[in-house]
Amino acid sequence: MNKPLLAALSALALAGLGAAPAVAAPLTAAPAPHQVKSPAVTVNFAGTVSLSDCSGSIIRFAGSADSDPALVLTNGHCLETGFPDPGQVITGQSSSRTFGLLNASGSKIATLRANQVVYSTMTDTDVTIYRLTSTYAQIKSSYGINALTVSDTHPTAGTAIKVVSGYWKTTYSCNIDGFVYRLKEGDWTWKDSIRYTSSCNTIGGTSGSPVIDTTTGKVIAVNNTGNEDGQRCTVNNPCEVDAGGNITVRQGINYAEETYQIPACFTTGNKLDLGAVGCVLPKP
């Protein structure tokens, strides 16, 4: 998992090791003849946040109102009370966690505070969503920062992406190499994970970073792990499992969990409704 488990220095040391794909080759998605490619949007640090040990972002959905309490997205394994157990889903847990709000250049301009863990799990996916004490309108008025919008459609292989880490104030650029039927790390298993091409060599502290589609500017996933040492299915060394149960280890390759399924689970007022039509997130 891309979270500093020992110390920041060890995470930096990992960065120096480099990353090379063990099996998969990067996809090259060439446009069809006469096809006009959409221009890339500007992706920077605005809307991202730093946590004490992870990265994150302020998110909203297509139906969110400016007067709604703002939400922060990070990983399930970044939860301040510890990793959720396999099969565990946490909702409505009190929280007073703080977040460093970044501007476009990556400078911290404010401290935001949560009052609730709205949702957290490491089952099927790896997400924590916090509710802030501030609304989107208040954050925009005070600091000039807009939230990032979460896409509600499944991402596509070959898509150009940026992984934006508020913890390290670093941006990684690559493409979606493909999708993993099951990604297994230690006791946890995640479904339909994104595999990056090798240039997104994320390190400890990048956990929870938004993965942004550079064409739409929308969040399509949350960065969460990578195989550091070539071990098989252990903590910090996830393995890929296909539908037939075959296991592949790709040392140096990193992964993210899709977020397109999250918007269907939130209703008016940014309220979580796991019983809503189309909501497929794991339930308590």
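In what follows, the structure referred to is the one given above.
Residues numbered from 1 in each chain as written. Predicted model: local features only at pLDDT ≥ 70, side-chain atom pairs only at ≥ 80, totals over all residues. Heavy atoms only, no water.

> Would you mind showing me how to read the pairing of strand β2 (residues 55-60) here?
Working note: regular strand, side chains alternate between the two faces of the sheet. Across the six residues of β2, six count as buried, placing the element largely inside the fold. Alternating residues of β2 divide into S55, S57 and I59 and G56, I58 and R60, and every residue in both groups is buried. Connecting strand β1 (residues 48-50) to the antiparallel partner β2 that follows it, the hairpin turn spans four residues. Summarising the sheet, β2 and strand β3 (residues 69-74) pair through three bridges and their orientation is antiparallel. (Buried < 20%, exposed > 50% of the residue type's maximum accessible area, 1.4 Å probe, protein only. Helix = DSSP H or I, 4+ residues; strand = E, 2+ residues; numbered from the N terminus. Pairing = 2+ DSSP bridges.)

> Can you walk me through unusual backbone geometry in this structure?
Unlike most non-glycine residues, K169 shows phi in positive territory, near 55 degrees. Residue placement: K169 occurs in the loop between β9 (160-165) and β10 (170-185). What makes K169 partly exposed here is its relative accessible area of 40%. The phi dihedral of C233 falls on the positive side, at around 65 degrees, and the residue is not glycine. Structurally, C233 can be placed in the loop between β13 (219-226) and β14 (239-241). Residue class for C233 comes out buried when judged on its relative accessible area of 14%.

> What exactly am I supposed to notice about the state of the cysteines here?
Disulfide: a covalent bond connecting the sulfur atoms of a pair of cysteines. Using the criterion set out here, one finds four disulfides in the structure. Each disulfide pairs two cysteine sulfurs, and for C174 the partner residue is C200, the sulfurs being separated by 2.1 Å. Across the S-S bond of C174 and C200 the torsion is about -95 degrees, and the bridge reads as left-handed. A residue pair is termed long-range when its members are at least 10 positions apart, and C174 in strand β10 and C200 in the loop between β11 (188-196) and β12 (210-213) qualify at 26 residues. Take C174 and C200: they sit in the same class, and that class is buried. Note that C265 is cross-linked by a disulfide to C279, the S-S spacing being 2.0 Å. Taking the torsion about the S-S bond as the criterion, the C265 to C279 disulfide, at about 100 degrees, is right-handed. Taken together, the residues span a long stretch of sequence, with C265 in the loop between β16 (254-258) and β17 (266-267) and C279 in the segment after β18 (271-272) at a distance of 14 residues. Judged by its relative accessible area of 0%, C265 is buried. When its relative accessible area of 9% is taken as the criterion, C279 is described as buried. (Disulfide = S-S within 2.5 Å.)

> Hey, could you run me through the packing of aromatic side chains in this one?
Any aromatic ring pair is given by two values, namely how distant the centres are and how the planes are angled relative to each other. Using the criterion set out here, one finds four aromatic pairs in the structure. Ring geometry for F61 and F266: centres 5.0 Å apart, planes at 35 degrees, overall tilted. Of this pair, F61 sits in the loop between β2 and β3 while F266 sits in strand β17, and the two are 205 residues apart along the sequence. Here F61 and F266 have matching classes, each one buried. (Phe/Tyr/Trp six-rings, centres within 6.5 Å; stacked < 30°, edge-to-face > 60°.)

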